[in-house]
Amino acid sequence: MIPTNMNRGGGGTPLAVYAIKNRDEFIRKESRSGGVFPAIANWIISKNGAVYGCVTDSDFRAVHIRVDSKSNVHRFSGSKYVQSDLGDVCREVQSDLLNDKYVLFSGTSCQIAGLKAFLHKVNCDMSKLYTVDIVCHGVPSPRIWEEYIRYIEETYKSNVEHADFRNKRDFGWADHVESFRLKNGKCINTSSYTALFYRHFTLRPACHQCPYKSTQRISDISLADFWGVNKVIRLFNDNKGVSAVLINSENGKSVFEMIKDNLIWKEVGIENCMQTALRVPFAPNKERNNFWNQYYLKGFSAALFSVENVKKDYLIHNLLPKKIYLLIKKFTLRNKM
Ligand SMILES: Cc1cc2nc3c(=O)[nH]c(=O)nc-3n(C[C@H](O)[C@H](O)[C@H](O)COP(=O)(O)OP(=O)(O)OC[C@H]3O[C@@H](n4cnc5c(N)ncnc54)[C@H](O)[C@@H]3O)c2cc1C
Ligand code: SF4
């Protein structure tokens with residue numbers, strides 16, 4: 001864990017909390033929630049700075065990269081529900097800071113803690129470092145994501161050309177459907193990987209003991225989905241994505257002042273956007289060991305189909321026409337929004 005004096009957020013309560021939508025509809029469509037991260041990234045780049053965050057590479061692996069032009073910021077958009085490989089980015093951040101550049105680093109709280117611990121150890125001046133963390137449910141093992149892609153390819157007998165962890169464009173912000181475009185032209189929509197994720201079969205063991213599930217944050221700004229926003233601000237939600245943004249430090253405050261004209265925002269209380277991921281780590285599924293035993297003994301698809309929701313999901317997405325699915329979801333997801 002990181003020394004507590006490095007948590008610039010201090011205290012247990014953010015300095016301010018906002019419900020936010022990016023004014024640019026295209027950015028919001030591409031982003032996971034309200035599209036706040038691209039606004040921050042573009043501001044850092046306009047100061048000739050460098051931005052670090054998570055993208056998917058050509059093999060669909062989640063990796064952290066450095067970007068210093070606005071035309072590449074879109075690569076960070078969207079949540080990749082798998083542990084990201086940091087590679088050598090901590091040293092790259094150090095090098096940028098040594099060259100007196102502004103740096104924006106985004107990732108999970110533990111990645112930010114790790115980066116700060118590294119920079120502290122090498123005695124690097126952090127005054128030009130800005131950090132943004134995603135309020136984090138937990139990250140699945142990259143091995144399972146890799147297996148899942150292979151499973152899709154074998155089941156549908158074609159290679160995956162494009163993978164979307166959460167297809168907001170077709171299914172809206174509140175739903176969670178994975179989409180794959182295959183080389184043979186087919187599009188596959190499913191929620192089986194999602195079921196493993198939310199039912200806590202595949203999160204990293206460390207995530208079940210996460211020390212960052214709190215309103216005391218490690219970063220300057222924390223980003224989350226603002227579930228239930230319509231109960232706080234009438235008609236704010238259009239199912240295209242709203243972020244809950246926690247401003248945790250004076251640096252975070254100054255960033256918000258610089259970008260706020262690009263955003264539709266309203267200040268709220270932290271109690272309005274509380275969620276489990278800001279309170280306590282999630283417990284592993286009682287059947288987690290069974291899932292992994294099945295995986296090691298019989299392989300991935302046997303383990304996958306040992307999970308009850310996966311069987312249901314398989315039937316729903318394979319038998320139900322997309323239009324009917326969307327209609328059902330429209331009614332069932334209404335309360336969440
Ligand atoms: C693994 C994971 C778990 C999440 N759990 C929750 C949750 O419990 N509650 C909740 O409200 N929201 C959760 N989110 C979503 C998160 O709130 C949104 O990513 C955030 O609101 C940013 O939205 P945006 O529209 O501003 O950014 P976008 O434009 O979508 O930018 C995405 C940002 O997320 C970062 N990112 C994407 N994938 C990863 C990854 N695998 N590892 C590290 N950084 C990544 C990128 O670097 C970028 O900064 C989760 C996201 C991920 C990736
Ligand atoms: S849940 Fe905690 S330990 Fe797991 S990735 Fe998120 S911040 Fe890191």
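What counts, and where the lines are drawn
Residues numbered from 1 in each chain as written. Chains lettered and ligands numbered in written order. Predicted model: local features only at pLDDT ≥ 70, side-chain atom pairs only at ≥ 80, totals over all residues. Near = placed C-beta within 6 Å. Helix = DSSP H or I, 4+ residues; strand = E, 2+ residues; numbered from the N terminus. Pairing = 2+ DSSP bridges. Axes fitted to C-alpha atoms, helices over the stretch in contact; angles between N-to-C directions. Expected span 1.5 Å × (residues − 1). Buried ≥ 20, exposed ≤ 12 C-beta atoms within 10 Å, placed from the backbone. Contact = placed C-beta atoms within 7 Å. Nonpolar A, V, L, I, M, F, W, Y, C, P; charged D, E, K, R; others polar. Core = buried A, V, L, I, M, F, W, Y, C linked by C-beta atoms within 7 Å. Domains from an automatic or database assignment. Parallel < 35°, antiparallel > 145°, perpendicular 65-115°, else oblique.

Moving on to the site of ligand 1. Around ligand 1 there are 34 residues in total, and Ser31, Gly53, Ser106, His137 and Ala224 lie nearest to it. When contributions to the shell around ligand 1 are tallied by element, the ones reaching two or more residues are helix H2 (36-46), strand E2 (50-56), strand E4 (103-107), strand E5 (129-134) and strand E9 (221-225).

Another point: the sheet that holds strand E6 (residues 160-164). The antiparallel open sheet is built from 3 strands, whose spatial order is E6-E7-E8. Edge positions in the sheet fall to E6 and strand E8 (187-190), since each has one partner strand and no second. Across this sheet, the average inter-strand angle for adjacent strands is 15°, counted without regard to direction. In this structure, strand E7 (residues 178-182) lies alongside E8, joined through 4 bridges in antiparallel fashion. For Arg181, the partnering residue across the bridge sits in E8 and is Cys187.

Bringing helix H4 (residues 109-121) into the picture now. Residues spaced three or four apart along an α-helix face the same direction, because each turn holds 3.6 residues. With 13 residues, H4 ought to run about 18 Å at 1.5 Å a step, and its terminal C-alpha atoms sit 18 Å apart, in line with that. All of the buried residues in H4 are Ser109, Cys110, Gln111, Ile112, Ala113, Leu115, Lys116 and Leu119. Considering only its buried residues, H4 is in contact with helix H3 (89-98), E4 and E5. Asn123 sits one or two positions beyond H4 and adopts a positive phi of about 60°.

So, about the sheet that holds strand E3 (residues 62-67). The strand order across the open sheet built from 8 strands is E3-E2-E4-E5-E9-E10-E1-E11, with neighbouring strands paired in mixed fashion. Because the sheet does not close on itself, it has two edges, and the strands there are E3 and strand E11 (263-268). Adjacent strand axes in the sheet meet at a mean angle of 25°, parallel and antiparallel pairs treated alike. Alignment of E5 against E9, held across 3 bridges, turns out to be parallel. Residue pairing in the sheet places Asp133 in a bridge with Ser222 of E9. In the packing of helix H8 (residues 250-259) onto the sheet, the strands contacted are strand E1 (16-22), E5, E9, strand E10 (243-247) and E11, and the crossing angle to E10 comes to about 130°.

Let's shift gears to the site of ligand 2. Around ligand 2, the surrounding shell consists of Thr108, Ser109, Cys110, Cys136, Gly138, Val139, Arg204, Ala206, Cys207, Cys210 and Tyr212. Tallied by class, the residues present in the shell around ligand 2 amount to 7 nonpolar, 3 polar and 1 charged.

Turning to the nonpolar core, a few remarks are in order. Within soluble globular proteins, side chains that are nonpolar tend to cluster in buried spots. Counting 75 residues, the largest nonpolar core has Ile40, Ala41, Val51, Leu104, Leu223 and Val245 as the members making the most contacts within it. The greatest single-element share of this core, amounting to 7 residues, is contributed by H2. There are two domains that each give this core at least three residues, and those are domain 1 (16-138 + 212-274) and domain 2 (142-202 + 288-335). Ignoring any residue separated from it by four or fewer positions in sequence, one finds Ala41 in contact with Val51, Val73, Phe76 and Leu104.

A few words now on the domain arrangement of the chain. When its domains are assigned, the chain resolves into domain 1 (16-138 + 212-274) and domain 2 (142-202 + 288-335). A separation of 27 Å is found between the C-alpha centroids of domain 1 and domain 2. In this assembly, 14 residues from domain 1 lie in contact with 13 residues from domain 2. Taken together, the residues that form the side of domain 1 that touches domain 2 break down as 4 nonpolar, 5 polar and 5 charged.

Across the interface, H2 lies against H8 with an axial gap of 10 Å and an inter-helix angle of 90°. With respect to H8, the axis of H2 lies roughly perpendicular. For the pair formed by H2 and H8, the contact residues are Ala39, Ile40 and Trp43 on the first element and Val255, Met258 and Ile259 on the second. Looking at the contact of H2 with H8 residue by residue, the classes come out as 6 nonpolar, no polar and no charged.

Okay, the environment of Ser127 next. Of note, Ser127 is situated in the loop between H4 and E5. Since 8 C-beta atoms lie within 10 Å of it, Ser127 is described here as exposed.

Moving on: the environment of Tyr198. By the element assignment, Tyr198 lies in helix H7 (residues 192-198). Linking Tyr198 and Glu271, residues 73 residues apart in sequence, is a C-alpha distance of 23 Å.

Next up on the list: the pairing of E2. Burial analysis of E2 places 5 of its 7 residues in the buried class, the great majority of the element. With 3 bridges connecting them, E2 and E4 associate as parallel partners. Each residue of the ladder has a partner; that of Ala50, found in E4, is Val103. Relative to E3, E2 runs antiparallel, the two being bridged by 6 bridges. What sits directly across from Thr56, in E3, is Ala62. The turn linking E2 back onto E3 is made up of 5 residues, and Phe60 within it adopts a positive phi angle of 70°.

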